[in-house]
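These are the residues of each chain, in order.
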Amino acid sequence: MQSSDKIWDLLIIGGGAAGFFTAINSAELHPELSIAILEKAKQGLQKVKISGGGRCNVTHAEFVPKDLSENYPRGQKELLGPFHSFMTGDTMQWFQDRGVPLKIEEDGRVFPASDSSQSIIDCFLNETQRLGVEIYYNCNVNAVKKTDYFEIETNQGMLLAKGLIIATGSSPKAWKWIQSLGHQIVPAVPSLFTFDIDDPRLKDIPGVVVKDVAINVSGTHLESEGPVLVTHVGLSAPSVLKLSAFGALELARLNYQFQIQINFVRMAFNACLDMLKTMKIDNPKKQVMSISFDTIPKRLWQQLVKAAQIPNERKWADLSKQELQNLTAQLTQARFQVSGKSTFKEEFVTAGGVELSEVNFKTFESKLIPGLYFAGEVLNIDAVTGGFNFQNAWTGGYLISQNLQAK
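Note that the coordinates shown come from a computational prediction; the quantities given were computed from them, not determined experimentally.

## Observations concerning the overall build of the chain
Then, number 1: Scanning the chain from N- to C-terminus turns up 14 helices and 21 strands.
Then, number 2: By principal-axis analysis of the C-alpha atoms, the chain measures approximately 90 × 40 × 35 Å.
Then, number 3: Buried positions account for 54% of the 407 residues belonging to the chain.
Then, number 4: Sequence-distant contacts, at least 24 apart, represent 73% of the contacts inside the chain between residues at least 6 apart.
Then, number 5: Total accessible area on the chain stands at roughly 17600 Å², and carbon and sulfur atoms take up 49% of it.
Then, number 6: For the chain, the centre of its 40 positive side-chain charges and the centre of its 42 negative side-chain charges are spaced 6 Å apart.

The following block contains the structure:
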């Protein structure tokens with residue numbers, strides 16, 4: 001570690017995706033600059049390593065800036081302009097040019113062709129070495145001040161820099177010294193999580209997936225569509241994760257105690273009732289338990305039939321008007337009480353961070369302090385699952401490097 005007798009051109013606090021990407025692009029465009037990354041852990045890129053189940057979901061195959069921006073509950077408006085400069089296609093080309101071929105999967109997620117996050121990590125480490133970017137591990141930043149230079153107080157000594165990039169992710173400690181510089185921090189709340197639900201209809205059927213449902217949170221405007229997965233503790237999959245991301249602030253205010261309503265068949269009540277009446281006519285001698293909608297897995301169908309208070313042995317011909325209505329309600333208006341949340345896999349994402357109105361999104365530079373930049377999740381930006389949070393990191397890092405060129 002070099003002490004304060006050296007003045008760095010650019011220091012980057014945070015050795016994650018945003019920090020490395022910013023460092024590499026900056027060093028490539030400005031080989032004359034002295035650049036270092038300060039990382040508090042004994043190695044960097046830990047989130048890259050575990051993301052996508054160890055495969056690293058690099059970005060998402062969404063190639064229209066407006067459509068891409070709509071995956072960000074916080075940051076949608078701010079990222080629209082930046083995405084016109086650097087987005088999915090640019091990201092894919094960037095990795096391709098550096099020897100990391102990528103592939104698009106059926107659901108739109110983009111991964112290294114190797115199916116290993118190590119490909120991304122090796123690329124970043126090789127590039128920083130090639131470009132002469134220094135990396136200091138086990139380097140804890142305790143305070144940051146702005147005088148003529150940025151003064152960064154670390155456990156390895158005091159550092160001075162002309163330019164500073166903060167890429168610390170959702171770090172409460174970092175947010176404290178960002179506040180000391182005069183920036184507002186929006187308090188953090190969890191953003192990407194699954195719903196804990198204790199309900200007999202779900203108890204014995206973990207692993208069941210319904211490919212297309214509509215969910216809304218009772219008493220709010222929150223709603224989403226898509227697949228739903230029954231887990232050992234409740235519900236997950238894209239429809240739930242999208243609700244958790246877009247409803248992060250509201251669901252936090254509700255202390256994660258709320259009711260949801262699910263339409264398992266994406267049909268209006270009366271249309272569903274008519275379909276059940278047709279099934280009754282077509283299958284008079286068969287048991288209701290044995291014949292289900294094509295889109296409803298059999299194990300879930302049986303639970304919904306039970307919940308509609310229809311006996312196991314009941315035949316379709318013997319269904320009463322009330323039983324038909326009960327089953328229709330279970331299919332189109334099933335209510336579940338959510339009693340808490342669980343982290344989605346290992347991807348702990350939060351809403352919160354640096355107040356967006358204090359950042360110039362043409363450059364990702366602070367509006368309050370010239371030469372100070374923010375990249376990645378340290379900003380109050382978060383996204384739904386699928387590679388979107390990484391794309392925010394790549395876009396910010398790229399634009400910061402371009403702005404250094406302008407200066």
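More follows now that the structure is in view.
## Looking at the nonpolar core
Then, number 1: Within the largest apolar cluster, 82 residues are counted, with the highest numbers of intra-cluster contacts made by Phe95, Phe124, Ile152, Leu379 and Trp394.
Then, number 2: When near neighbours in sequence (up to four residues on either side) are disregarded, phenylalanine 95 contacts Val58, Val100, Leu102, Ile120, Cys123, Phe124 and Trp394.

## Some words on the environment of serine 236
Then, number 1: Mapped onto the elements of the fold, serine 236 is located in strand β14 (residues 234-236).
Then, number 2: With relative accessibility at 6%, the residue serine 236 sits in the buried group.
Then, number 3: With 227 residues separating them in the primary sequence, serine 236 and aspartate 9 have C-alpha atoms 46 Å apart.
Then, number 4: Those residues within four positions of serine 236 in sequence are excluded, and the remaining contacts are Thr194, Pro227, Val228, Leu229, Thr231 and Phe344.

## A look at the sheet that holds strand β4 (residues 102-104)
Then, number 1: With respect to topology, three strands assemble into an open sheet ordered β3-β5-β4, the strand pairing being antiparallel. Each of the sheet's edge strands pairs with one partner strand only, and the pair in question is β3 (59-60) and β4.
Then, number 2: Sheet topology note: the β4/strand β5 (residues 109-112) ladder contains three bridges and is antiparallel. If you follow lysine 103 over to β5, its bridge partner there is phenylalanine 111.

Cut-offs used in this document
Residues numbered from 1 in each chain as written. Predicted model: local features only at pLDDT ≥ 70, side-chain atom pairs only at ≥ 80, totals over all residues. Heavy atoms only, no water. Helix = DSSP H or I, 4+ residues; strand = E, 2+ residues; numbered from the N terminus. Buried < 20%, exposed > 50% of the residue type's maximum accessible area, 1.4 Å probe, protein only. Contact = heavy atoms within 4.5 Å. Areas by Shrake-Rupley, 256 points an atom, 1.4 Å probe, with all protein chains shown as cover. Lys, Arg positive; Asp, Glu negative; His and termini not counted. Charge placed at Lys NZ, Arg CZ, Asp CG, Glu CD. Core = buried A, V, L, I, M, F, W, Y, C linked by side-chain atoms within 4.5 Å. Pairing = 2+ DSSP bridges.

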